[in-house]
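Each chain, letter by letter, is given below.
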Amino acid sequence: MRLLEEKILSDGEAISKEVLKVDAFLNHQIDSKLMFEIGKEFAKLFANEEITKIVTIESSGIAPAVMTGLQLNVPVIFARKQKSLTLNEALLTTSVHSFTKNVTNNISISKKYLNDNDKILIIDDFLANGQAALGLVDLIHQANATVVGIGILIEKSFQSGAQKLKDLGLRVESLARIESLENGVVNFISEKVE
Ligand code: 5GP
């Protein structure tokens, strides 16, 4: 998606050859117009999938997930990383190792928001080694719901996540695919000609 690639080039910062900082428009300050356009793009890509709900993980997946939910007219559920005091009902839980923070968190979703008729679109900000997405797939499968696809804003294609998810037969749609972050320079895998 050209708009997202342009934003990454103008406001993103390759802080190492593995990590891209996007606090200026996604992970701290949020560019709401860009998120709106991203929501429209995902809605277009997954228009024929009869999606019933979107699942993401707090906190940076929430903005693009809500914009997509708005377009598809479906609710959005975000997996929580910390147990909330008010979250006293039965939980689906799994553990996820965080690539950027190097910690393992339990993430959870209340059982009452997912059921076996659900066709779920997963949305997340980044795809690196796939741990966050695989954790969400696990929670959705625990509820016997179906994962119809995974929408990612920024895929770092030089890491293993996209391949792992595709090997499981999952449809992955990434709006920007990064080939490398060497020497502070962001290189994209060129977009398919439309
Ligand atoms: P994975 O679970 O695929 O290894 O990593 C994805 C998660 O780690 C995302 O939800 C995102 O929060 C974080 N992440 C991974 N790589 C990056 C990165 O280069 N920059 C930022 N800002 N977050 C990242």
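The structure displayed is predicted, hence computed values, not measured ones.

J.: Would you mind going over the site of the ligand with me for this structure?
T.: Around the ligand, the surrounding shell holds 16 residues, and the nearest of these are Leu20, Asn129, Gly130, Ala132 and Lys156. Residue Asp125 places a side-chain N or O atom 3.1 Å away from an oxygen atom belonging to the ligand. Contact with the protein chains removes 88% of the 500 Å² of surface that the ligand exposes when unbound. Put simply, the parts of the chain that give the shell around the ligand at least two residues each are strand E7 (119-127) and helix H5 (131-142). Among the elements that line the shell around the ligand, the one with the most residues is E7, at four residues. The residue makeup of the shell around the ligand, split by class, is seven nonpolar, five polar and four charged.

J.: Which parts of the structure should I look at to understand the pattern of salt bridges?
T.: Side-chain pairs of opposite charge can arise whenever the charged atoms involved come near each other. A full pass over the atoms with the stated rule returns nine salt bridges. Where Asp118 meets Lys53, a salt bridge forms, and the shortest distance between an N and an O atom there is 2.8 Å. Separated by 65 residues along the polypeptide, Asp118 in the loop between strand E6 (104-110) and E7 and Lys53 in strand E3 (residues 53-57) bring together distant segments of the chain. In this structure Asp118 comes out as buried when scored by relative accessible area, which is 5%.

J.: Explain the pairing of strand E9 (residues 172-180) to me, please; I cannot follow it from the model alone.
T.: Walk down a regular strand and you will see the side chains alternate between the two sheet faces. The element E9 is largely enclosed, with a buried count of seven among its nine residues. Judged from the six bridges that link them, strand E8 (residues 146-156) and E9 form a sheet pairing that is parallel. By the bridge assignment for E9, Ile152 is matched with Ser174. Following the chain from E8 across helix H6 (residues 161-167) to the adjacent parallel E9, one finds a crossover that is right-handed.

The rules behind these values
- Residues numbered from 1 in each chain as written.
- Predicted model: local features only at pLDDT ≥ 70, side-chain atom pairs only at ≥ 80, totals over all residues.
- Heavy atoms only, no water.
- Near = heavy atom within 4 Å.
- Polar contact = N/O pair within 3.5 Å; in protein donor to acceptor, adjacent residues only side chain to side chain.
- Areas by Shrake-Rupley, 256 points an atom, 1.4 Å probe, with all protein chains shown as cover.
- Helix = DSSP H or I, 4+ residues; strand = E, 2+ residues; numbered from the N terminus.
- Nonpolar A, V, L, I, M, F, W, Y, C, P; charged D, E, K, R; others polar.
- Salt bridge = Lys/Arg side-chain N within 4 Å of Asp/Glu carboxyl O.
- Buried < 20%, exposed > 50% of the residue type's maximum accessible area, 1.4 Å probe, protein only.
- Pairing = 2+ DSSP bridges.
- Right-handed = clockwise from strand over helix to strand, strands pointing away.

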